[in-house]
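The chain contents come next:
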Amino acid sequence: MDPPSSLKLLGSWADSHTHRVQLALKLKGLEFEYQEEDAINPSPALLLHNPVYKKVPVLLHNDRPVVESVVILQYIDETWSDNPIMPADPFERAVARFWCHFAEDKLAPAVGAVFSSSGEGQKTAVDQVHDNLKLLERELRDGAFKGKRFFGGDKIGLLDIVLGCGSYWLAVFEEVMEVKLVDPGTFPVFHAWLKDFEEQNEVKETIPAIDKLLEYARGIRQMMLSLSNGTSTTASATAGTTSAINVAVDGSSG
Ligand SMILES: N[C@@H](CCC(=O)N[C@@H](CS)C(=O)NCC(=O)O)C(=O)O
């Protein structure tokens, strides 16, 4: 029998890593308490429970902290067996974990670079996003996920959660930065997967409204531009910008 539990999530409203955990808890049908964190001024609870990285999300299960979003997702799945999000087969689990690593290691930093650069640097970053999306498109069309509705099969799984909860930033950045990242003609299978993912009720309940994200992203971009113009150069403003960018896209820095 699944163990009884108290669950509390420390998170940040626009953070894709937090959304991963919120979505997984919803898919599992688990109730949880939520505490909003300020990326610039972490709460004593966050510093206590994630002293190494000082980042959200942190999941407290019966007051014991589990940190790092992908670790948390696997912990949730191992602790509550209903509605599995990990494949049953060890090889398929390894494949899902590999592509999660790819999402963190290659795709997210490339998307983050589109937002934080301009000019030639931004063109290079857009090319890198396209190169990474090509790899995913190939896997969906002819590779490990061929013929599957979701990466997890008929239902959303680990990799859908990890990729999907960051991918809505692609549309936000397309609009704010005036670039094309997911052209449906170039990435038809990935594009169709993303639309299908976004249509799921649990996803709609988790991801903030696009208008709110656009406003947020525009605010950060504005702050970055004024920093690069030298109109606002305080250390705290710089730290705030770095944290805000991390909230949005990039788990690998900051
Ligand atoms: N690898 C981590 C990344 C988490 C992360 O980047 N969290 C950001 C989202 S806000 C954060 O807490 N940043 C605060 C900071 O950088 O000071 C995970 O997957 O949980």
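Figured I'd write up the structure that's included with this text. If you're wondering where the values come from, they're calculated on a predicted model, not measured in any experiment.

**What to know about the pairing of strand β2 (residues 33-36)**
- Relative to β2, strand β1 (residues 7-11) runs parallel, the two being bridged by four bridges. Across the sheet, L10 pairs through a bridge with Q35, a residue of β2.
- Assessed by its sense of winding, the connection that carries the chain from β1 through helix α1 (residues 16-28) to β2 is right-handed.

**A few points about the pairing of β1**
- Pairing between β1 and strand β3 (residues 58-61): four bridges, direction antiparallel. Note that in β3 the partner of K8 across the bridge is L60.

**Here we look at the sheet that holds β2**
- With respect to topology, four strands assemble into an open sheet ordered β2-β1-β3-β4, the strand pairing being mixed. Among the strands making up the open sheet, the edge pair consists of β2 and β4 (64-67). Between one strand axis and the next, the sheet turns by 20° as a mean value, whatever way the strands run.
- In this fold α1 packs onto β1 and β3, with an angle of close to 160° to the strand it touches most, β1.

**Considerations on the nonpolar core**
- Within the largest apolar cluster, 60 residues are counted, with the highest numbers of intra-cluster contacts made by A24, V111, I161 and F173.
- Here the element with the most residues in this core is helix α6 (residues 158-177); it accounts for twelve residues.
- Beyond its immediate stretch of four places on either side in the chain, I161 contacts R20, L23, A24, L73, I85 and I156.

**Quick notes on the packing of helix α4 (residues 90-116) against helix α5 (residues 119-142)**
- Running from N to C, α4 and α5 cross one another at 150°; their axes reach a closest spacing of 8 Å. In terms of orientation, α4 and α5 fall into the roughly antiparallel class. The handedness of the crossing between α4 and α5 is left-handed. Residues K106, L107, A110, V111, A113 and V114 of α4 lie in contact with α5, whose contacting residues are Q122, A125, V126, Q128, V129 and N132.

Definitions and cut-offs
Residues numbered from 1 in each chain as written. Predicted model: local features only at pLDDT ≥ 70, side-chain atom pairs only at ≥ 80, totals over all residues. Pairing = 2+ DSSP bridges. Helix = DSSP H or I, 4+ residues; strand = E, 2+ residues; numbered from the N terminus. Right-handed = clockwise from strand over helix to strand, strands pointing away. Axes fitted to C-alpha atoms, helices over the stretch in contact; angles between N-to-C directions. Contact = placed C-beta atoms within 7 Å. Core = buried A, V, L, I, M, F, W, Y, C linked by C-beta atoms within 7 Å. Buried ≥ 20, exposed ≤ 12 C-beta atoms within 10 Å, placed from the backbone. Parallel < 35°, antiparallel > 145°, perpendicular 65-115°, else oblique. Left-handed = near helix turned anticlockwise from the far one by under 90°.

Worth remembering: the numbers are spatial, not functional.
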